Amino acid sequence: MDLLKESWTGKVSEVTIGATEKDGGTRNSRIKAGGEATLPYLFREGDMPHRPVVAMEVLDTEPTDWPKTLKEPFKDVLKDPVKWAVKCVEVHKAALVSIKLMGTHPDFGNKTADDAAKLVKDILRAVKVPLIILGSGNEEKDNVVLAKVSEAAKGEKCLIGDATEKNYKTLTASCLADGHNIIAESPIDINIAKQTNILITEMGFPVDRIVINPTIGSLGYGMEYAYSIMERARSAALIGDKMLSMPFICFVGQEAWRAKEAKATAAEHPEWGDEVSRGALWEMETAICMLQAGADILIMRHPKAVEETKIYIETLMKAKE
Amino acid sequence: MLIVGELINGMYKAVGKAVARRDKKVIQKIAENQVAAGAGMLDVNTGPYEKDPRGAMEWLVETIQEVAEVPLVFDSTKSDVIETGLRLAKKKAMINSANSDEEKLDILVPMAKRYNASLIGLTMGKSGIPRDKNHRVEHAVKIVTKCQEIGFDVNGLYLDPIVLPINVAQAQAPEVLESLREFKFLCDPAPKTIIGLSNVSQGAGQRPLINRIFLAMALASGLEAAIMDPLDKDLMDAAITTELILNKNIYCDSFLDAHRKK
């Protein structure tokens, strides 16, 4: 019996994050994401040139709402984002670091754009892996902060986010001028995802420097909804829809650790079992589902979840040989 | 859908003159404009008055292929002119057209197979213009049978249900739409379909309006391809919107622009 094979006419664009000395930056490595010409891991129907990557998340301010089990692996560095980033790379072998500038939010420290720019420069000096830079989510502040940060990191080909349908112009202009990649965010809505990409490209921004953040829900909190959106978008990319042909980034750590199932202690919920493995498992399970949906870049927090997810990726990619 | 640009046809005065004078620039501009507007293939017709159709076809194909990357459709009643085009084609071409007559099919189906080209099959023959849907299906059966006999892959067959002008053959329009659906049941895989869209409004008023509404209705009836004017922006918008409604492309607020970014 012959295996019925799909043949696709389109493919996902390839985004490069990080600039080495040759490219005018100071990174020791670059990451390529995307380029798929087939549905996730269906190697017999088309090429999947790059494996998904895991970025580890660092916050610019000590997290107040992290459970003990999540703080534990980083308890010595939580107050120092530079040391935290170094630990992610040197101890946990992170392929990328993602720095979230939560402290610049007016309600969470109101750090200045200059503070943020200095921190990013320090991190760039301390670690040599490609860098993802996230704003606080306060649009007005982000427009000021990310513009400054983009300039400070000029030439390093970072991935900076997020741009949204209603607020994309400032970040797009900065990323265009400073040579960075951009994260285009949509609220679990494929039509808005497509529209945001059109708005960004209409400013002259190259298609192959855009990464889609579809906004995910964690396990138990809307994960399947995100999966179906990513599946639809990826299928459209494979039949030639250029405005959905971008790699996906998923904020797995952020979403998974919202869940009470990830945070609650066994004392609070004995029926849920021990919290040490439970939290990391909740994060890992979310990651696995997103990988199956086509995620190219995962931003994760717990080292155990990161480690297990990387093993999972290796196992999936083995079938390529 | 597959849009075949219809504008490089010698019966248009400017084109006819350019062919006679071998004026490359005129032809190349029309080719480029059609491709930029979304044509996936370009129809090439030397026109009825050309004295040396083979020479003209050769010149047209070379001229167009200098600037356009899309495949070509060779439009002629003469098979030697079609073959001239096929010999020079850089990409998988299309033959426009055979009908259900044995003599025509015996030449053009093997030719399509030999050159790995697609073939348009008009569902009419010596008996004249088909009366209704059933008559069209009869002609279609003859064409499909010949393709199967000769071993021509039906995936390359485009049946044309013969679109007639709405002001002289109004009752035929619903028959054409029905035929587009009926043809799909003739074999598996099903043959594709194509229409010469502008025929529907030939000699009528409100030509652009009639063209775009008919195209929308034909697409909803399963049409895959049309020979039409891609420079008619309202027509192209109608095609894009129809495909959106048929759930062929994902909606976004700028869906018309999105399509043009493809």
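Details of the structure are given in the entry above.
For clarity, every value in this text was computed on a predicted model and none was experimentally measured. (Residues numbered from 1 in each chain as written. Chains lettered and ligands numbered in written order. Predicted model: local features only at pLDDT ≥ 70, side-chain atom pairs only at ≥ 80, totals over all residues.)

J.: In this structure, what is going on with the environment of methionine 230 of chain A? I would like to understand it.
T.: Residue and element names in this part refer to chain A. As for its position among the elements, methionine 230 is in helix α7 (residues 223-238). Spatially, the C-alpha atom of methionine 230 lies 6.8 Å from that of glycine 294, the residues being 64 residues apart in sequence. Filtering out sequence-adjacent residues up to four positions away, methionine 230 remains in contact with Pro214, Phe248, Ala293 and Gly294. (Helix = DSSP H or I, 4+ residues; strand = E, 2+ residues; numbered from the N terminus. Contact = placed C-beta atoms within 7 Å.)

J.: Would you mind going over the nonpolar core with me for this structure?
T.: Proteins that are soluble and globular tend to have nonpolar side chains buried together. Judged by nonpolar contacts, the single largest core of 101 residues is most densely connected at Ala55, Leu96, Val97, Val120 and Leu298 of chain A. Of the residues forming this core, the biggest block, 9 residues, is contributed by helix α10 (residues 275-293) of chain A. Not counting residues up to four positions away in its chain, the partners in contact with leucine 96 of chain A are Ile17, Ile31, Val53, Ala55, Val129, Pro130, Leu131 and Ile132 of chain A. Judged by nonpolar contacts, the second largest core, of 74 residues, contains Val4, Val35, Val44 and Leu223 of chain B. (Core = buried A, V, L, I, M, F, W, Y, C linked by C-beta atoms within 7 Å. Buried ≥ 20, exposed ≤ 12 C-beta atoms within 10 Å, placed from the backbone.)

J.: Where do I start with helix α5 (residues 169-178) of chain A in this structure?
T.: Helical geometry: 3.6 residues make up each α-helical turn, so side chains three or four residues apart lie on a common side. Residues and elements named next belong to chain A. All of the buried residues in α5 are Leu171, Thr172, Ser174 and Cys175. Viewed end-on, α5 has its buried residues packed into an arc of 165 degrees, placing them on one side of the element. Each element contacted by the buried residues of α5 is listed here: α4 (139-152), β6 (159-163), β7 (181-185) and α6 (190-202). Downstream of α5 by a residue or two, glycine 179 has a phi angle that is positive, lying close to 80 degrees. (Arc of directions from axis to C-beta.)

J.: So what exactly am I meant to see when it comes to helix α3 (residues 53-67) of chain B here?
T.: Residue and element names in this part refer to chain B. In this model α3 runs 22 Å from its N-terminal to its C-terminal C-alpha over 15 residues, within 8% of the 21 Å that 1.5 Å per residue would give. What α3 keeps buried is the set Pro53, Ala56, Met57, Leu60, Val61, Thr63 and Ile64. Along its buried surface, α3 packs onto α1 (13-21), α2 (24-36), β2 (41-44), β3 (72-75) and α4 (79-88). (Expected span 1.5 Å × (residues − 1).)

J.: Looking at this model, I keep getting lost on the interface of chain A and chain B. Mind explaining?
T.: Interfaces are frequently sized by the accessible area removed from exposure as the parts join. In this complex, chain A contributes 13 residues to the contact, which on the side of chain B involves 10 residues. Counting only elements with at least two residues in the side of chain A that touches chain B, the list comes to α6 and α7 of chain A. Broken down by element, the residue count for the side of chain A that touches chain B peaks at 6 residues, all from α6 of chain A. A breakdown of the residues in the side of chain A that touches chain B according to their chemical character gives 5 nonpolar, 4 polar and 4 charged. (Nonpolar A, V, L, I, M, F, W, Y, C, P; charged D, E, K, R; others polar.)

J.: Looking at this structure, how should I read the pairing of β6 of chain A?
T.: Consecutive side chains along a regular strand alternate between the two faces of the sheet. Residue and element names in this part refer to chain A. Across the 5 residues that make up β6, a large majority, 5, are buried. In terms of strand pairing, strand β5 (residues 131-134) meets β6 through 3 bridges, oriented parallel. Bridging from a neighbouring strand, isoleucine 132 pairs with leucine 159 of β6. For the crossover that starts at β5, traverses α4 and ends in the parallel β6, the hand is right-handed. Where β6 lies against β7, 3 bridges are found, and the strand directions are parallel. Within the sheet, the bridge partner assigned to alanine 163 lies in β7 and is alanine 184. (Pairing = 2+ DSSP bridges. Right-handed = clockwise from strand over helix to strand, strands pointing away.)

J.: Teacher, can you tell me more about the sheet that holds strand β6 (residues 157-160) of chain B here?
T.: Whether parallel or antiparallel, the strands of a sheet pair through hydrogen bonds between backbone atoms. Residue and element names in this part refer to chain B. One closed barrel accounts for 8 strands, arranged β1-β2-β3-β4-β5-β6-β7-β8; its pairing is parallel. Here the average twist between neighbouring strands, direction ignored, is 25 degrees. Sheet topology note: the strand β7 (residues 192-196)/strand β8 (residues 225-228) ladder contains 3 bridges and is parallel. Bridging from a neighbouring strand, isoleucine 195 pairs with alanine 226 of β8. (Axes fitted to C-alpha atoms, helices over the stretch in contact; angles between N-to-C directions.)

J.: What's the story with the pairing of β2 of chain B in this structure? I'm lost.
T.: Residue and element names in this part refer to chain B. In β2, alternate side chains face the same way, and those of Met41 and Asp43 on one face and Leu42 and Val44 on the other are all buried. As judged from the 2 bridges shared by strand β1 (residues 2-5) and β2, these two strands associate in the parallel manner. Bridging from a neighbouring strand, valine 4 pairs with methionine 41 of β2. Bridging between β2 and β3 involves 3 bridges; their strand directions are parallel. Bridge pairing in β3 links aspartate 43 to valine 73. Read from β2 through α3 to β3, the crossover connection turns out right-handed.

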